[in-house]
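# Structural overview for review
Residue-level listing of the chains:
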Amino acid sequence: MDISRLTTEARNAKTMTLDSMSVHEFATVMNREDQSVAASVSLALQDIEAAISTIIRCFDQGGRLFYIGAGTSGRLGVLDAAECVPTFGIDPEMVQGLIAGGLKAMTVAVEGAEDDVQLGAEDLKARGLSGTDTVVGIAASGRTPYVIGGLDYARQVGAATISLACNENAEISRHAGIPIEVPVGPEVLSGSTRLKAGTAQKLVLNMLSTGAMIGIGKVYENLMVDVRPTNEKLVERAKRIIQEATHCDEEAAEAAFEASDHDVKLSIVMILTGLSRQDASVQLRKAGGFISRLVSNED
């Protein structure tokens, strides 16, 4: 396939003398180029919003979210999926990242994996993909066979499909129900799509996962109330979240934290409503996990 027409492969006229720039000149031009990325993402907000809404509906139906990609794109998907677990207290099965070549490809290139169109389908089939799930295919170039194979298989089983590319009129856009295109132009270092393209992908993935988690009650105000306090730092953060959400003192936050068996969201509900742990848990389930709905009902 001819990739010379892709803007992500083009040479950047502003960096033709990259090898003779001073460190200051290089850092300045790269910073200026990076500033254009967020503006490019803003032009795709309508499609990003549609994607977030689709993922929320998927979660509401008990479905899962799969990211699928190769190279940097795949690594970013795996990273976002992994971070959802401690941040939002979800089961690792709920958001999964698949990378061409398997987890080995997170650190070393697996030759030929991204060019295998069948491998994308096989990897999703191995995870038991169903019609209630959502697949997000990520490819900076917008033409990765592994991703196309995964998206086509997802459509066959009735799963929702979203694509994320950094070129206009991307090939993967024709294989997804909701195509997201964020053209960032030529890279500072020609063809190195871990740079602006990678930044654009990270920004969009941040929005997809965070927006979807907000939509299923994993956030109260702007606090991550389902955070898993798995280390000392997170335990202290959990207690601060309880204090911020309820305006209680440190002693009250500590007491609720212990009484709830270190469940931040439940601690907050117990303090705000005065309910016991058991009753607070029942009411929280009735509110679909949304503290705001429960508190609103109390008011």
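Above this text is the structure in question.
Calculation criteria
- Residues numbered from 1 in each chain as written.
- Predicted model: local features only at pLDDT ≥ 70, side-chain atom pairs only at ≥ 80, totals over all residues.
- Heavy atoms only, no water.
- Helix = DSSP H or I, 4+ residues; strand = E, 2+ residues; numbered from the N terminus.
- Contact = heavy atoms within 4.5 Å.
- Polar contact = N/O pair within 3.5 Å; in protein donor to acceptor, adjacent residues only side chain to side chain.
- 1 Å grid on protein atoms, 1.4 Å probe; cavity = no way out; pocket = protein on both sides within 12 Å on 5 of 7 lines; lining within 4 Å.
- Points joined across faces, edges and corners; volume = space filled by probe spheres on them.
- Nonpolar A, V, L, I, M, F, W, Y, C, P; charged D, E, K, R; others polar.
- Axes fitted to C-alpha atoms, helices over the stretch in contact; angles between N-to-C directions.
- Parallel < 35°, antiparallel > 145°, perpendicular 65-115°, else oblique.
- Left-handed = near helix turned anticlockwise from the far one by under 90°.
- Salt bridge = Lys/Arg side-chain N within 4 Å of Asp/Glu carboxyl O.
- Buried < 20%, exposed > 50% of the residue type's maximum accessible area, 1.4 Å probe, protein only.

A few words on the environment of glutamate 171. By the secondary structure assignment, glutamate 171 is in the loop between β4 (160–165) and β5 (178–181). Setting aside chain neighbours within four positions, we find glutamate 171 in contact with Gly142, Arg143 and Ile148. Of the polar contacts made by the side chain of glutamate 171, one reaches the side chain of histidine 175; its length is 3.0 Å.

A word on the layout of surface pockets. The space that makes up the largest pocket amounts to roughly 370 Å³. Every residue lining the largest pocket is counted, 17 residues in all, and those nearest its centre are Glu9, Glu114, Ser141, Thr144 and Thr193. Looking at side-chain class alone, the lining of the largest pocket contains five nonpolar, eight polar and four charged residues.

As a further point, take the packing of helix α2 (residues 45–60) against helix α6 (residues 196–215). Orientation of α2 relative to α6, taken along the N-to-C sense of each, is 45°, at an axis distance of 9 Å. Relative to α6, α2 is oriented oblique. Crossing angle aside, the handedness with which α2 passes α6 is right-handed. Across from Leu45, Ile48, Ala51, Ile52, Ile55, Ile56 and Phe59 in α2, the residues of α6 making contact are Val204, Met207, Leu208, Gly211, Ala212, Met213 and Gly215. Looking at the contact of α2 with α6 residue by residue, the class counts come to twelve nonpolar, two polar and no charged.

This structure, assessed with the given rule, holds eight salt bridges. Between glutamate 33 and lysine 196 there is a salt bridge; the shortest N-O distance is 2.9 Å. Here the residue glutamate 33 occupies a position in helix α1 (residues 23–42), and lysine 196 occupies one in helix α6, the gap between them amounting to 163 residues. Residue classification places glutamate 33 among the buried positions, given a relative accessible area of 8%. Its salt-bridge partner being aspartate 226, residue lysine 218 comes within 3.5 Å of it at the nearest N-O pair.

Take it as geometry only, folks, not as evidence of what the structure does.
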